[in-house]
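Per-entry structural report
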Amino acid sequence: MTRYKYNKINLFIGSIFSMFGVIFTIVIITTILSWGEFSKTAMQTDAIITDITTTVERRHSGKTKRYHHVYVEYQVDGVTYDNKLDYYIGGMHEGQTVTINYDPDHPDRIMSKPYTMSIIMSVFVLIFGGIGAALLGTEIKRGIYINKLIANDCYVYCSDWTEQTSSTKVNDVRYMLAVFTYEDGSGRKYSFNSNPYHPNKCPFYKGQSVKVYVDLKNGDKYYVSPDE
């Protein structure tokens, strides 16, 4: 029996985005819990910024990303410590005094409040998690709808089609898709796109009569079956 073949690319991309959303969520929770435990006994002192270094990372897109590393010096019980802040704020400069939180049992351990970082990470959770959930949800919902069409034998046959370039690109390979046209008895024309496929693995051939599962009253939701 024919069943809807889920778009593996959409499922893969949706899963990747969802996974990043989960990872960012775990990082946020872990960081906040760590700060909560740290802050129970943490003490504060003033530290002097001794150095600020910048590293530049060049990305594949040609854009660059700058990372600032802030080093400080402070004293606890007459002992001088050198450390690195876990944040950078624009305008920081050498010789500036900043307040730090340190562990009195291990003064070389410092930590700043993670709330700003958590807010930024939460934005990533919303972006990545939202995109992932939308892709997965849309694909699963579409599969349920198409399988109902298949179960109810709602389909038309199409043999007139052309091959076009799709918007999908995998491993620098631009995928293709087949565009089928159909005209009903009233002269209304429909266009149905297949799922993207590798340019060397076209599942259709010229003159083939292909089933398209669709309710013509709702022609926007359909499935071009590569097996029939």
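This one's a predicted model, so the numbers in the text were calculated from it and none came from an experiment.

The rules we used
- Residues numbered from 1 in each chain as written.
- Predicted model: local features only at pLDDT ≥ 70, side-chain atom pairs only at ≥ 80, totals over all residues.
- Heavy atoms only, no water.
- Pairing = 2+ DSSP bridges.
- Helix = DSSP H or I, 4+ residues; strand = E, 2+ residues; numbered from the N terminus.
- Axes fitted to C-alpha atoms, helices over the stretch in contact; angles between N-to-C directions.
- Contact = heavy atoms within 4.5 Å.
- Buried < 20%, exposed > 50% of the residue type's maximum accessible area, 1.4 Å probe, protein only.

Strand order in the open sheet formed by three strands is β6-β10-β11, with antiparallel pairing between adjacent strands. Both edges of this open sheet fall to β6 (155-158) and β11 (222-224), since each of them pairs with a single strand only. Here the average twist between neighbouring strands, direction ignored, is 25 degrees. Relative to strand β10 (residues 210-214), β6 is paired through four bridges, and the arrangement is antiparallel. Opposite Y157, over in β10, you have K211 as the bridge partner. Across the sheet, helix α2 (residues 115-151) lies against β10 and β11, angled at about 75 degrees from β11, the strand it touches most.

To continue, consider the pairing of β10. Among the five residues in β10, five count as buried, and that is most of the element. Neither face of β10 is open: one carries V210, V212 and V214, the other K211 and Y213, and all of them are buried. As paired elements, β10 and β11 share three bridges and run antiparallel to each other. Bridge assignment links Y213 to a residue of β11, and that residue is Y223.

The sheet built from five strands is open, its strands ordered β3-β2-β1-β4-β5 with antiparallel pairing. Each having just a single partner strand, β3 (79-84) and β5 (106-110) make up the two edges of the open sheet. The sheet shows a mean angle of 45 degrees between the axes of neighbouring strands, taken without regard to direction. Pairing between strand β1 (residues 43-58) and strand β4 (residues 97-103): six bridges, direction antiparallel. When the sheet's bridge partners are listed, D46 is paired in β4 with T99. Helix-sheet contacts for helix α1 (residues 8-39) involve β4 and β5, and the interaxial angle to β4 is about 85 degrees.

This part covers the pairing of β4. With respect to burial, β4 is a largely interior element, five of its seven residues being buried. With two bridges joining them, β4 and β5 adopt antiparallel strand pairing. Paired with D103 across the two strands is H106, which belongs to β5. Counted between consecutive antiparallel strands, the loop separating β4 from β5 contains two residues.

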